[in-house]
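# Topology and contacts: notes
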Amino acid sequence: MFALGIDVVRSTFRRPFQVREFIQQCWFVVSVTVLPTALVSIPFGAVIALQIGSLTRQIGAQSFTGAASVLAIIQQASPIVTALLIAGAGGSAICADLGSRKIREEIDAMEVLGVSPIQRLVVPRVLAAMLVSVLLNGMVSVVGVMGGYFFNVILQDGTPGAYLASFSALAQLPDLWISEIKALIFGFIAGIVAAYRGLNPAGGPKGVGDAVNQAVVITFLLLFFVNFVLTTIYLQVVPAKGS
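Residues numbered from 1 in each chain as written. Predicted model: local features only at pLDDT ≥ 70, side-chain atom pairs only at ≥ 80, totals over all residues. Heavy atoms only, no water.

It is worth spelling out the overall build of the protein at this point. When you go through the protein residue by residue, the secondary structure sums to eight helices and zero strands. N-terminal to C-terminal, the α/β element order of the protein is α-α-α-α-α-α-α-α. Over its C-alpha atoms, taken along the principal directions, the protein stretches across nearly 70 × 35 × 30 Å. For the protein, with 243 residues in total, the buried portion stands at 45%. In the protein, the proportion of contacts linking residues at least 24 apart, taken out of those at least 6 apart, comes to 87%. Of the accessible surface of the protein, which amounts to about 12,100 Å², a share of 71% is contributed by carbon and sulfur atoms. (Helix = DSSP H or I, 4+ residues; strand = E, 2+ residues; numbered from the N terminus. Buried < 20%, exposed > 50% of the residue type's maximum accessible area, 1.4 Å probe, protein only. Contact = heavy atoms within 4.5 Å. Areas by Shrake-Rupley, 256 points an atom, 1.4 Å probe, with all protein chains shown as cover.)

Let us look at the confidence of the model for the protein. Averaged over every residue, the pLDDT of the protein is 83; residues scoring 70 or more account for 94%. At the low end of the mean pLDDT range in the protein sits helix α6 (residues 160–170), at 70; at the high end sits helix α7 (residues 173–199), at 89. (pLDDT = per-residue confidence, 0-100.)

For the structure shown, the criterion picks out one cavity of 30 Å³ or more. For the largest cavity, the calculated volume is near 40 Å³. Breaking the lining of the largest cavity down by element, the ones donating at least two residues are α2 (19–58), α3 (65–103) and α5 (117–155). No other element matches the four residues that α3 contributes to the lining of the largest cavity. (1 Å grid on protein atoms, 1.4 Å probe; cavity = no way out; pocket = protein on both sides within 12 Å on 5 of 7 lines; lining within 4 Å. Points joined across faces, edges and corners; volume = space filled by probe spheres on them.)

When two helices pack together, their arrangement is captured by the angle between the axes and the distance separating the axes. At their nearest, the axes of α7 and helix α8 (residues 204–237) sit 9 Å apart, and the two run at 155° to each other. Taken together, α7 and α8 sit at an angle that is classed as roughly antiparallel. Handedness of the α7/α8 crossing: right-handed. Here Pro-174, Asp-175, Ile-178, Lys-182, Ile-185, Phe-186, Ile-189, Ala-190, Val-193, Ala-194 and Arg-197 of α7 come into contact with α8, specifically with Ala-211, Gln-214, Ala-215, Ile-218, Thr-219, Leu-222, Leu-223, Val-226, Asn-227, Leu-230, Thr-231 and Tyr-234. Looking at the contact of α7 with α8, its residues break down into 16 nonpolar, four polar and three charged. (Axes fitted to C-alpha atoms, helices over the stretch in contact; angles between N-to-C directions. Parallel < 35°, antiparallel > 145°, perpendicular 65-115°, else oblique. Left-handed = near helix turned anticlockwise from the far one by under 90°. Nonpolar A, V, L, I, M, F, W, Y, C, P; charged D, E, K, R; others polar.)

Time to look at the pattern of salt bridges. Where charged atoms from two side chains of opposite charge come close, those side chains can pair. For the structure shown, the criterion picks out eight salt bridges. Taken together, the shared-partner salt bridges in this structure form one network comprising Glu-21, Asp-97, Arg-101, Arg-104, Glu-106, Arg-120 and Arg-125. (Salt bridge = Lys/Arg side-chain N within 4 Å of Asp/Glu carboxyl O.)

Taken together, the side chains of Phe-225, Phe-228, Val-229, Ile-233 and Val-237 define a hydrophobic patch exposed on the protein surface, amounting to about 520 Å² of accessible area. On the secondary structure map, Val-229 appears in helix α8. Its relative accessible area of 33% is what places Val-229 among the partly exposed residues. (Patch = residues over 30% accessible without salt bridge, like charges linked within 9 Å, V, L, I, M, F, W, Y side chains within 5 Å.)

Another point: the packing of aromatic side chains. Within a pair of aromatic rings, the relevant descriptors are the distance that separates the centres and the angle that separates the planes. According to the stated counting rule, one finds one aromatic pair in the structure shown. Measuring from centroid to centroid gives 5.9 Å for Phe-17 and Phe-22, while their planes differ by 55°, and the two rings are tilted. Here Phe-17 falls in the partly exposed class, since its relative accessible area comes to 33%. Look at Phe-22 and you get buried, because its relative accessible area is 18%. (Phe/Tyr/Trp six-rings, centres within 6.5 Å; stacked < 30°, edge-to-face > 60°.)

This part takes up unusual backbone geometry. For the bond from Arg-15 to Pro-16, the omega torsion is 0°, close enough to zero to count as cis. On the secondary structure map, Pro-16 appears in the loop between α1 (2–12) and α2.

Moving on to the packing of α5 against α7. The contact between α5 and α7 brings their axes to 8 Å, and the two run at 145°. Regarding α5 and α7, the two cross each other, and that crossing is right-handed. Listed contacts from α7 to Ile-118, Val-122, Val-126, Ala-129, Met-130, Ser-133, Val-134, Asn-137, Gly-138 and Ser-141 of α5 are Ser-179, Glu-180, Ala-183, Leu-184, Gly-187, Phe-188, Gly-191, Ile-192, Ala-195 and Leu-199. Partitioning the contact of α5 with α7 into residue classes produces twelve nonpolar, seven polar and one charged.

Written out as structure tokens, the structure reads:
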């Protein structure tokens, strides 16, 4: 899988680049992920806002509810939700597509003809997953913050001014950058794992189905581990605002 990732990075800069395939894959990934991602981001942001609002009320720190909930959504919840939907919906579809091509021996036929399946099929799909992850991450951040604002201000009788003031006082631009970087890396991981399992099915239709399940599970495990590493590095490198 690591070798496949290196091959994808190398093949990205080789000509010819499959522009038509890349655009088609971007549209396909968006079509299967945008609606579920939007629907998941609303309750995700609401749960975080309600939980943090309850905790801040207990310790008498209601003025920091906006900063805590928004930073939690942007730094952690947004890239994780995006990656899970990319892996669960887009990645499984990519894996099934490549796996079906493999068992029909289309991949072997391309290799015999001298066409690189990595450059022709895998690179556009991985780049599409990365681009769509970054764009969906922005959408999830906006929807999650709006949902958190609504539930905190309307349901928990919070103050709109305090919610926005605490956010502007503690948030900083690197918080958004780390969110987008996480989404980019998560999209790359989801695309690589899906492509690897799709190109190496056990054999037959049942093998393709097993490969799809394995791709989703492996991607989830890698995402949480990589998220832990990136978060740890970010908190050590970037100082908190006001510290």
